[in-house]
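Notes for the structure review
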Amino acid sequence: MSTIQTRTGPQFGLDTFGDVTVDRRGVTQHPATVIRNLVEQAVLADRVGVDAIGIGEHHRDDFAVSAPDVVLAGVATRTERILLGSAVTVLSSDDPIRVFERYSTIDALSHGRAEVQVGRGSFTESFPLFGFDLRDYEVLFEEKLDLFAKLLDGGAVSWEGTTRPPLDGVTVHPATESGHLRTWIGVGGSPESVVRAARHKIPMMLAIIGGPADRFKPFADLYRRALVEFGHAPQPVGVHSPGHIAETDDQAREELWPHFKANRDRIGIERGWGEATRDQFDHDIEHGALYVGSPETVAAKIARTVTLLELDRFDLKYANGPMPHEQLMASIELYGTAVIPQVREILATS
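Residues numbered from 1 in each chain as written. Predicted model: local features only at pLDDT ≥ 70, side-chain atom pairs only at ≥ 80, totals over all residues. Heavy atoms only, no water.

**A few points about the pattern of salt bridges**
- Under the criterion given, the structure shown has 29 salt bridges.
- Of the charged contacts in the structure, one is a salt bridge between aspartate 95 and arginine 164, with a shortest N-O distance of 3.7 Å. Here aspartate 95, found in the loop between β4 (89–90) and α3 (96–109), pairs with arginine 164, found in the loop between β6 (157–159) and β7 (167–170); they are 69 residues apart in sequence, far enough to count as distant.
- Overall, aspartate 95 belongs to the partly exposed group, its relative accessible area being 29%.
- Looking at arginine 164, the relative accessible area reads 25%, which means it is partly exposed.
- Here glutamate 275 makes a salt bridge to lysine 261, at a shortest N to O gap of 3.2 Å. Residue glutamate 275 is found in the loop between α8 (249–271) and α9 (278–287), and its partner lysine 261 is found in helix α8; the two are separated by 14 residues along the sequence.
- Glutamate 275 sits in the exposed class, given a relative accessible area of 62%.
- Several salt bridges converge on common partners, so that one network encompasses Arg60, Asp61, Asp62, Arg266 and Glu270. (Salt bridge = Lys/Arg side-chain N within 4 Å of Asp/Glu carboxyl O. Helix = DSSP H or I, 4+ residues; strand = E, 2+ residues; numbered from the N terminus. Buried < 20%, exposed > 50% of the residue type's maximum accessible area, 1.4 Å probe, protein only.)

Given below as structure tokens:
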């Protein structure tokens, strides 16, 4: 029987959106290959001591995963201790009841290791795909989150809103064995989103993908203050940020740069950004939200962020563009075997 290893202090996870990768020759891989490789990445993460893995949801050709829960169910049967979650589930264009049912099923398969991170997501392709109007962006998320929060309390649920028919004493199945489904709210950094997470007394995961971590300290402080004002108990705070690890700082930068640029430039065309430059890339490694370098370099930067924001969880988004599977596996192994132990040592002695 699988068991979850418990540990005091912060947890350290990995996140991926299932970016479509290239092979060593630069040939784009079929999404089926990418998904199978992702399972192997999760198995490796479990083996080398990573605490959690999160898989994102997208519905476009540069990301292979549109159904993270299905992939996580497969991972559940191949792993023993790692927490299994989404990063994120786009709740606005999904059904809160189905989300709960799917993740409570993963929880059963994994002997209690499931968690779900709900959010609005930074991509909107799921809205027209599933028949939702982007003009309803705010109300869809607010109402569906309200319903999902009620489901987390367990038992019969009654609810009424404008986005779906009302519920009157409905019980959702299957129930989790523990009576609880670990849940996070992914937050991009607006005060309104922070307060919403606190109001629903759900742990907050800050997506820090640009700028220095200290810029987000006011949001962590606001969340903790809002919990107190709402009369709720303290809740965990986490951070999700991109990065890559190799044996040396130079190797890590050179491996990541072309794939990071390909990813950012594709998204930049869609959103009106300028091209990614090497100077900006290097600046974000030195001063911003990119955790790139040798194990020693990345561990020191993670430890600073954990200390500054008083984090309960740090998740490294280890896949950033079409980087080959072999390099992703090497980064995961170094994260588990070298970075995480060093971070814990730094935190223990600071």
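The discussion continues.
**Quick word on the packing of aromatic side chains**
- With the rule as written, the count across this model stands at seven aromatic pairs.
- Here phenylalanine 63 and phenylalanine 123 contribute two aromatic rings whose centre-to-centre distance is 5.9 Å and whose plane-to-plane angle is 75 degrees, an arrangement assigned as edge-to-face. One end of the pair, phenylalanine 63, is in the loop between β2 (52–55) and α2 (68–76); the other, phenylalanine 123, is in the loop between β5 (114–119) and α4 (126–129), with 60 residues separating them in the sequence.
- Taking relative accessible area as the criterion, phenylalanine 63 reaches 5% and is therefore assigned buried.
- For phenylalanine 123, a relative accessible area of 11% corresponds to the buried category.
- A centroid spacing of 5.3 Å and a plane angle of 50 degrees characterise the contact between phenylalanine 260 and phenylalanine 281, whose relative ring orientation is tilted. In this pair, phenylalanine 260 is assigned in helix α8 and phenylalanine 281 in helix α9, connecting sequence segments 21 residues apart.
- Put simply, the rings of Phe17, Phe63 and Phe123 pair up and form one aromatic cluster.
- Cation over ring: arginine 271 sits above phenylalanine 123, and NZ or CZ is 4.6 Å from the ring centre. (Phe/Tyr/Trp six-rings, centres within 6.5 Å; stacked < 30°, edge-to-face > 60°. Lys NZ or Arg CZ within 6 Å of the ring centre and 35° of its normal.)

Read these as layout, nothing more, since geometry by itself doesn't imply function.
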